[in-house]
4 protein chains.
Amino acid sequence: MKKHRVGILGATGTVGQRFVQLLENHPQFEITALAASDRSIEKPYSQACTWKLAGAMPEYVKDIIVQPIEPPLDCDFVFSSLPSGVARETEEAFARAGFPVISNSSAFRMEEDVPLLIAEINHEHLGLIENQKQRRGFGKGFIVTNPNCAVVSFAPPLAALERKFGVKSVFITTMQAISGAGYPGVSSFDITDNVLPYIAGEEPKVETEAQKILGKFADGAIEKADFTVSAQCFRVNVIDGHLASVRVKLKQTTTMEDVRREMENFPSLKLHSSPASFITVCDEPSRPQPRLDRDNGDGMTITVGRLFPDNIFDYRFVALSHNTVRGAAGSAVLNAELLIDKGFV
Amino acid sequence: MKKHRVGILGATGTVGQRFVQLLENHPQFEITALAASDRSIEKPYSQACTWKLAGAMPEYVKDIIVQPIEPPLDCDFVFSSLPSGVARETEEAFARAGFPVISNSSAFRMEEDVPLLIAEINHEHLGLIENQKQRRGFGKGFIVTNPNCAVVSFAPPLAALERKFGVKSVFITTMQAISGAGYPGVSSFDITDNVLPYIAGEEPKVETEAQKILGKFADGAIEKADFTVSAQCFRVNVIDGHLASVRVKLKQTTTMEDVRREMENFPSLKLHSSPASFITVCDEPSRPQPRLDRDNGDGMTITVGRLFPDNIFDYRFVALSHNTVRGAAGSAVLNAELLIDKGFV
Amino acid sequence: MKKHRVGILGATGTVGQRFVQLLENHPQFEITALAASDRSIEKPYSQACTWKLAGAMPEYVKDIIVQPIEPPLDCDFVFSSLPSGVARETEEAFARAGFPVISNSSAFRMEEDVPLLIAEINHEHLGLIENQKQRRGFGKGFIVTNPNCAVVSFAPPLAALERKFGVKSVFITTMQAISGAGYPGVSSFDITDNVLPYIAGEEPKVETEAQKILGKFADGAIEKADFTVSAQCFRVNVIDGHLASVRVKLKQTTTMEDVRREMENFPSLKLHSSPASFITVCDEPSRPQPRLDRDNGDGMTITVGRLFPDNIFDYRFVALSHNTVRGAAGSAVLNAELLIDKGFV
Amino acid sequence: MKKHRVGILGATGTVGQRFVQLLENHPQFEITALAASDRSIEKPYSQACTWKLAGAMPEYVKDIIVQPIEPPLDCDFVFSSLPSGVARETEEAFARAGFPVISNSSAFRMEEDVPLLIAEINHEHLGLIENQKQRRGFGKGFIVTNPNCAVVSFAPPLAALERKFGVKSVFITTMQAISGAGYPGVSSFDITDNVLPYIAGEEPKVETEAQKILGKFADGAIEKADFTVSAQCFRVNVIDGHLASVRVKLKQTTTMEDVRREMENFPSLKLHSSPASFITVCDEPSRPQPRLDRDNGDGMTITVGRLFPDNIFDYRFVALSHNTVRGAAGSAVLNAELLIDKGFV
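The rules we used
- Residues numbered from 1 in each chain as written.
- Chains lettered and ligands numbered in written order.
- Predicted model: local features only at pLDDT ≥ 70, side-chain atom pairs only at ≥ 80, totals over all residues.
- Heavy atoms only, no water.
- Helix = DSSP H or I, 4+ residues; strand = E, 2+ residues; numbered from the N terminus.
- Rg over C-alpha atoms; globule rule 2.2 N^0.38 Å.
- Buried < 20%, exposed > 50% of the residue type's maximum accessible area, 1.4 Å probe, protein only.
- Least-squares fit on C-alpha atoms with pLDDT ≥ 70 in both.
- Contact = heavy atoms within 4.5 Å.
- Buried area = accessible area lost by both parts, 1.4 Å probe.
- Salt bridge = Lys/Arg side-chain N within 4 Å of Asp/Glu carboxyl O.
- Polar contact = N/O pair within 3.5 Å; in protein donor to acceptor, adjacent residues only side chain to side chain.
- Nonpolar A, V, L, I, M, F, W, Y, C, P; charged D, E, K, R; others polar.
- Pairing = 2+ DSSP bridges.
- Axes fitted to C-alpha atoms, helices over the stretch in contact; angles between N-to-C directions.
- Arc of directions from axis to C-beta.
- Expected span 1.5 Å × (residues − 1).
- Bend = angle between axes of the 7 residues up to and from the residue.
- Domains from an automatic or database assignment.

Visitor: Sorry, what's going on with the overall build of chain A here?
Guide: From N to C terminus, chain A includes 11 helices and 13 strands. Its C-alpha atoms give chain A a radius of gyration of 19 Å, near enough to 20 Å, the size a compact globule of 345 residues would have. For chain A, the spread of C-alpha atoms along the principal axes amounts to about 60 × 50 × 35 Å. Here chain A holds 345 residues, and 65% of them are scored as buried.

Next comes the structure, spelled out in structure tokens:
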């Protein structure tokens, strides 16, 4: 089988490195273009990039010459992990030049004609692509996005509840890993023996993205879910793995057994990067823990625990996802697999 | 002025060591008795205790011979930092033997005739002491307690709101320091690069103590406040300083300026261990932080930040207190100063 | 092919858990017996053991009933990760009962008739087994050991130098991971924002084991290497991976290129658990790092870096090994594979 | 008494903030000028500087308007914590403009006419100032420096040995705190669950500065001490406090008791910032520890422990100093006090 040829925009950053790691030996994709900022271009990736993930840089990318972040690139579509400032203009340019753009950036997430995808939850939102192409005058190109890394930890269990019981209100308190800030990101002087009660720009994203993700696609548009999210976001001294403390008020009363069953039974997909279990609910009183559970399902499983009735709202629980796999590069790769499966690429 | 002679029950533990540290050069108190468990007794404190706080063990306690935790001890009253299992029987025995017991333990906190004190908030609860003595047949002895260390972080700002606007419901998510678990306490293998979503026995305490603390003393009894608290408690990799993420629904609507003013204007006391400011509200977007703010007011100030309107409840904020000073030994010392000031000792 | 049936002594500890993890799907071994201390026996492993490694406990061991640590067990040989106090008597009892004992404990390491193995370095020391059996009156049973986890980080590069140039003196300063202390092991209150300059009993091991490992087997005995090791051992806040800072004085002068070549060319074995590269020498100025390099070769590669001429001795370098894989359970599994390969089991 | 009016060059950095903290309520100094880089100038210090030390920014500096780092400033002398690149030109310009420059920068440390001071050890090196003024054509201005922060941890105990027994060779392995890298300095993604085996430019400083510090001032010049230092420098996950693992070979044999006595008896000074004890030798097997001992003597005491005979060299020990107090701002303040005491300012 011929592999799809992919380019990575922002290839030297931490999410870019995750793409490189996840695409090694991928059965459907091969990297044919790596693009990064000015100081990297015309260098082989091995020189342009200081590898920050465990183990050595994969051999297969070392000699690829880094190119400027401009279309065209020699590939069939691009993954983007550009900073949101740069992303808006650049991703649009790639789409306009005919490239499907599968983006981890926040720039287009809330645009009404751009899918904000969690593949297991809302693949019908891909229906927006046609509108997007027409509205923006794109040809073959288009943009799809994946959510903010903190949203990915709690949106899946919420989706399980929303579709069955309806969600009314949600309090979220996040404890987010340092890798979410990129590299160099959080100064060790700030986070050692400490917790930071503020992540710039994060709370508004956490309060708005889930309603779009869990929205209904009808008549060519998304009707957002009507629940309210209140978010307080904290940075903790953890390498990978965003934890969310959740209280949820439902529209319809139900039992804890039913809540649990809806979460556990939320179907996974049959795509290459799909985990065996999309949502795992654990019983041990002291789980999920970032260090022990972030790699569940190779970083693609959402792990839920401490599910109990709440004394103000209906239920409380804790949800964990790997923020640079399921919360970033892994979700984008899964989205690419979904796009192929559905015939969009 | 002659100093009050004090004993410490559980003198070798981490809270016991804080008592020793805080009482060095205290103008009103001198330590005359140190009591600890079997393996420590008959040894000088310098040999019985591995000092775990910064700096060297204070000279003045090194030669005090550690005694068994049994009355009588050669002192006017005792501070207790006993584990709750042991505390119930032992603290009662000391009270019965005529010793005022100023306890940091959870054993008697929720007993209806035992004051659960935050000196600035509810000193009128000392009125329970008379009932307690009669009901339990104590002579000169009695028991007063201070709250759970996590409760101390959010009860003060809540008190400011309760007395002015009335509190209806409160969501609390705590991020608690490792020193709260004592020594050796939390294994480094559990908390490095990690967050623990469970602290045994903690959530019920956080959900119930504040209502008693903010209760009204009338007719010789406490009428508990009628708000509901929902708590999720987490352990984070921080040495000292418990952080609470708070959303609060009030009975009466008000402006954020008023909320802030009520907190900042909550009066401090004029006792030796009272901080200049009981509650400080900070404006910097990334404060309070445990490492930077736990020592505010020598560890006795509650620092509040990130005060904003909430989109589900009325207001949200973050509150921090030093868990082994204001949340444990420091509160007990302040309670002792209060008892003297009010003539109970 | 029929698998060898193995038992694990000390199955619930952190090294015991590593054995369980490493033996899942092992082509030559299957676990048929798990033995642990009193409070675990007669329980299924899933209940007896709180799993502390990443991910969930492997399914295949969950229902195995934990047995007392006494011979006989239903297996062909045993891996032991017993504390050294218990190990002396128990390991001897198993050997006497006919079981080969492949031990990670320190109890027998320095006994003159017991091999102290690093499979790539000194497999000829297996010649001691015959003497051991005769001297101790063992039948089919015997004891082999692997070195202290800190020694494993620097003994391999030293072996490369010893065999070619001769080693005269070695200064070692270790920075050791918390997992080396077992569970609960190091208190988080001790190691957060800290370094501990003392590990009980460690420096004497580091100063003596390498000479035996690099000794010559002749006339049925080990003639220890004659170099001197000076060790200062520190505990640092790292989950896994022991780092050693090394200065070495050689008997014979040589170039840095030769030093490097001897290390890199030190042959690996063809056994199942052998890494592709036994010793990897890296060029990046800031490597090896515990978090990035401990899993090289699935935790079985020794990673060396910062190799430079020294201004007092001949060369200096930094060496890293994964302390619970190559430094403990992984070495023992490799030793078992070696014993099979050489016909001892 | 009229206070000396001081300026701080690099006032917004972490060392600059330490100066501000240490000079609050200093009996001899008052800050009259704060200078920092372009983006800070013309702003009040409270706006120009994000305060990173514990507690709030001291009130007394909040309204001082930050000025460009150019002479003249309205003060009697300046403290400099400029990056070494900028320092060379700027510090010389200030000296030339008539300002004594008391520098924490590395730029002039090894210049033969510039004192490299540890006040307790080599105040006679102040004799260089006269030569410096003449040689460089300075008027009233001059430059004195304090050593690299890692050197300060081991140079004092070495000085005790050098002056009595002579030092021949020294192996140093450092474990250095993150605050040594300034702010933002070390990325948390690099140091969490990790050790870094490389600090750019550090090993050459550690290998050369001590010989100048311990040199003899004679005939208007420094004759450097003739011992050799071999250094390997590591970054560990500690906020403050540099630890050095030391082995030393002496010229003259001596007992461990004498070694210890020489260290403990090394005299402190009678200056305001002098600690009661310059070098403290502790007996506890697990001390010194950065978190527990860095604040000894308000961060100005050197704490030595684990003093033992070495099996290759003569003695081994561990030494700790607070890297941003004794190793930076505190040393500079002490140098200023020394300069006043000796009549140079």
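Now that the structure has been shown, we can carry on.
Visitor: Help me out: how do you make sense of the relation of the copies chain A and chain D in this one?
Guide: Between the two copies of this chain, the relationship is a rotation about some axis together with a displacement along it. Turning chain A through 180° and shifting it by 0.0 Å along the axis lays it on chain D, with an RMSD of 0.0 Å. Both chain copies can therefore be described as sitting about a two-fold axis. In terms of proximity to the rotation axis, the leading residue of chain A is A:Ser188, whose C-alpha is 2.0 Å off the axis. When the interface residues of chain A are mapped onto chain D, 100% of them are again interface residues, pointing to one common binding face.

Visitor: Explain the interface of chain B and chain A here, please?
Guide: It is common to report an interface's size as the accessible area lost on association of the parts. Facing 48 residues of chain B, the contacting portion of chain A comprises 48 residues. In this assembly, chain B packs against chain A so that about 3900 Å² is buried in total across both faces, 53% of it on carbon and sulfur atoms. The interface formed by chain B and chain A holds 8 salt bridges in total. Of the charged contacts in the structure, one is a salt bridge between A:Asp193 and B:Arg294, with a shortest N-O distance of 2.8 Å. Linking chain B with chain A are 40 residue pairs in polar contact (both at pLDDT 80 or more). At the level of secondary structure, the elements contributing two or more residues to the side of chain B that touches chain A comprise strand S6 (167-176), helix H7 (188-191), helix H8 (202-213), strand S9 (228-235), strand S10 (242-250), helix H10 (290-293) and strand S13 (315-321) of chain B. Classifying every residue of the side of chain B that touches chain A by side-chain character gives 24 nonpolar, 12 polar and 12 charged.

Visitor: Would you mind showing me how to read the relation of the copies chain B and chain A here?
Guide: Mapping chain B onto chain A is achieved by rotating through 180° and translating by 0.0 Å along the same axis, at an RMSD of 0.0 Å. A symmetric contact is evident, with 100% of the interface residues of chain B recurring at the interface of chain A.

Visitor: Help me out: how do you make sense of the interface of chain A and chain D in this one?
Guide: Taken together, the 15 residues of chain A in the interface contact 15 residues of chain D. The tally of links from chain A across to chain D stands at 2 salt bridges. Counting across the interface, chain A meets chain D through 10 residue pairs in polar contact (both at pLDDT 80 or more). For the side of chain A that touches chain D, the per-class residue count stands at 7 nonpolar, 6 polar and 2 charged.

Visitor: Would you mind showing me how to read the sheet that holds strand S5 (residues 142-145) of chain D here?
Guide: All names here are of chain D. Strand order in the open sheet formed by 5 strands is S2-S1-S3-S4-S5, with parallel pairing between adjacent strands. Each edge of the sheet is formed by a strand with only one pairing partner; in this case those strands are strand S2 (29-35) and S5. Strand-to-strand, the axes of this sheet are offset by a mean angle of 25°, without reference to chain direction. As defined by bridge partners, strand S1 (residues 4-9) adjoins S2 across 6 bridges and the pair is classed as parallel.

Visitor: Where do I start with helix H5 (residues 128-136) of chain B in this structure?
Guide: Along an α-helix, a turn takes 3.6 residues, which lines up residues three or four apart on a common side. All names here are of chain B. Among the residues making up H5, those that are buried are Leu128, Ile129, Gln132, Lys133 and Arg136. Along the axis of H5, the buried positions cluster into a sector of 135°, meaning they face one direction only. Exposed side of H5, more than 90 degrees from the buried face: Gln134 and Arg135 are the residues found there. Contacts from the buried residues of H5 go to helix H3 (84-96), strand S5 (142-145), strand S7 (216-218), strand S8 (221-223) and helix H11 (325-341).

Visitor: What's the story with helix H6 (residues 151-165) of chain A in this structure? I'm lost.
Guide: Residue and element names in this part refer to chain A. The terminal C-alpha atoms of H6, which comprises 15 residues, lie 20 Å apart, in line with the 21 Å expected from a rise of 1.5 Å per residue. Where H6 bends most, the angle comes to about 30°, and this point is Leu158. By the criterion of burial, H6 is predominantly enclosed, with 13 of the 15 residues buried. Looking one or two residues beyond H6, the residue adopting positive phi is Gly166, at roughly 80°.

Visitor: Would you explain the environment of A:Asp293 in this entry?
Guide: Residues and elements named next belong to chain A. Within the secondary structure, Asp293 sits in helix H10 (residues 290-293). Between the C-alpha atom of Asp293 and that of Gly98, which follows or precedes it by 195 residues, the distance is 39 Å. Not counting the four nearest positions on each side in its chain, Asp293 is found in contact with Arg287, Pro288, Thr303 and Leu320.

Visitor: Which parts of the structure should I look at to understand the domain arrangement of chain A?
Guide: All names here are of chain A. Assigned domains of chain A: these are domain 1 (4-148 + 328-341) and domain 2 (151-322). Summarising the inter-unit geometry, the C-alpha centres of domain 1 and domain 2 are found 24 Å apart. Across the boundary between the two partners, domain 1 contributes 31 residues, which contact 36 residues of domain 2. Overall, the association of domain 1 and domain 2 removes approximately 2700 Å² of surface from exposure, summing both partners, and the carbon and sulfur fraction of that is 64%. For the domain 1 face of the interface with domain 2, the top three residues by lost area are Glu120, Ile121 and Asn148, together amounting to 27%. Our count for the contact surface shared by domain 1 and domain 2 stands at 2 salt bridges.

Visitor: I'm lost on the side chain of C:Arg306 in this one. Help?
Guide: In this fold, C:Arg306 is placed in strand S12 (residues 302-309). Not counting residues within four places of it along the chain, the set of residues in contact with C:Arg306 comprises C:Cys282, C:Pro285, C:Arg287, C:Arg316, C:Phe317, C:Val318, D:Pro197, D:Tyr198 and D:Glu203.

Visitor: Can you help me understand the sheet that holds strand S11 (residues 279-281) of chain B in this one?
Guide: Two strands in a sheet stick together by hydrogen bonds in their backbones, pointing the same way (parallel) or opposite ways (antiparallel). Residue and element names in this part refer to chain B. Taken in spatial order, the 6 strands make up an open sheet running S9-S6-S10-S13-S12-S11, and their pairing is mixed. Each having just a single partner strand, S9 and S11 make up the two edges of the open sheet. Direction aside, neighbouring strands of the sheet carry axes that sit 20° apart on average. Bridge analysis of S10 against S13 gives 7 bridges, and the strand direction is antiparallel. Pairing of His242 across the sheet is with Ser321, part of S13. Lying on the sheet, H8 is in contact with S6 and S9; it crosses S9 at an angle near 140°.

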